[in-house]
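Residues per chain are reported as follows:
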Amino acid sequence: PLITFAVYFGCWHAIRHTARLVPKLPKSMALLRDRSRVVVLLSAFTPGLYAVAATLAGGGLLIVLGEGKDSYGLLWATLLIVWALTVPHMIATSRLDLKSIQTKS
């Protein structure tokens, strides 16, 4: 199940979110006129790398601060952070979707 989820998340869910960000990023929209779609997706993908780095750093911090209590591995520490951010992520995504639907109407 974990592998199936990883494939779904990496190959469908994350790419869909990245594609949805393109119209909201002026740099990506400018590239859309001049370059291939792959370059445009990469330009929308790059800002998300900061969140990945922060999640890994936060997971590492949980491991260091958790010594002597419950020992976490990096996988479980980062999963804890991702799970904690799931509801705020859903709220932000739904607000963006609602705003996009209202703009089209």
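## Overview of the overall build of the protein chain
Then comes step 1: Per the secondary structure count, the protein chain includes 5 helices and 0 strands.
Then comes step 2: When its helices and strands are written in sequence order, the protein chain yields α-α-α-α-α.
Then comes step 3: Computed over the C-alpha atoms, the radius of gyration of the protein chain is 17 Å, more than 25% above the 13 Å expected from 2.2 N^0.38 for a compact globule of 105 residues.
Then comes step 4: Expressed along its principal axes, the backbone C-alpha trace of the protein chain runs to roughly 55 × 30 × 25 Å.

## Comments concerning the confidence of the model for the protein chain
Then comes step 1: Looking at the protein chain, the pLDDT average stands at 79 and 92% of residues meet or exceed 70.
Then comes step 2: Put simply, helix 2 (residues 26-34) is where the protein chain has its lowest mean pLDDT, 77, and helix 4 (residues 48-65) is where it has its highest, 84.

## Quick word on the side chain of threonine 78
Then comes step 1: Checked against the element boundaries, threonine 78 lands in helix 5 (residues 74-104).
Then comes step 2: Setting aside anything within four residues of it in sequence, one finds threonine 78 in contact with Thr55, Leu56 and Gly59.

## Let's talk about helix 1 (residues 2-21)
Then comes step 1: Relative to the 28 Å expected for 20 residues at 1.5 Å per residue, helix 1 spans 27 Å between its end C-alpha atoms, a close match to the ideal helical length.
Then comes step 2: Helix geometry: helix 1 is bent most strongly at phenylalanine 9, by close to 40 degrees.

## So, the environment of leucine 25
Then comes step 1: Its location among the elements puts leucine 25 in the loop between helix 1 and helix 2.
Then comes step 2: The partly exposed category is assigned to leucine 25, whose relative accessible area is 26%.
Then comes step 3: Taking the C-alpha atoms as reference, leucine 25 lies 8.9 Å from serine 43; in sequence the two are 18 residues apart.

## Some remarks on the packing of helix 2 against helix 3 (residues 37-45)
Then comes step 1: Two elements in contact, helix 2 and helix 3, have axes separated by 9 Å at closest approach and are oriented at 170 degrees. With respect to helix 3, the element helix 2 is oriented roughly antiparallel. Judged by residue contacts, Ser28, Leu31 and Leu32 of helix 2 engage Val39, Val40, Ser43 and Ala44 from helix 3.

## What about the packing of helix 1 against helix 3?
Then comes step 1: Running from N to C, helix 1 and helix 3 point in directions that differ by 95 degrees, and their axes come no closer than 9 Å. Judged by the inter-axis angle, helix 1 sits roughly perpendicular to helix 3. In this structure, helix 1 uses Thr18, Ala19 and Leu21 to contact helix 3, whose residues at the interface are Leu41, Ala44 and Phe45.

Rules and cut-offs
Residues numbered from 1 in each chain as written. Predicted model: local features only at pLDDT ≥ 70, side-chain atom pairs only at ≥ 80, totals over all residues. Heavy atoms only, no water. Helix = DSSP H or I, 4+ residues; strand = E, 2+ residues; numbered from the N terminus. Rg over C-alpha atoms; globule rule 2.2 N^0.38 Å. pLDDT = per-residue confidence, 0-100. Contact = heavy atoms within 4.5 Å. Expected span 1.5 Å × (residues − 1). Bend = angle between axes of the 7 residues up to and from the residue. Buried < 20%, exposed > 50% of the residue type's maximum accessible area, 1.4 Å probe, protein only. Axes fitted to C-alpha atoms, helices over the stretch in contact; angles between N-to-C directions. Parallel < 35°, antiparallel > 145°, perpendicular 65-115°, else oblique.

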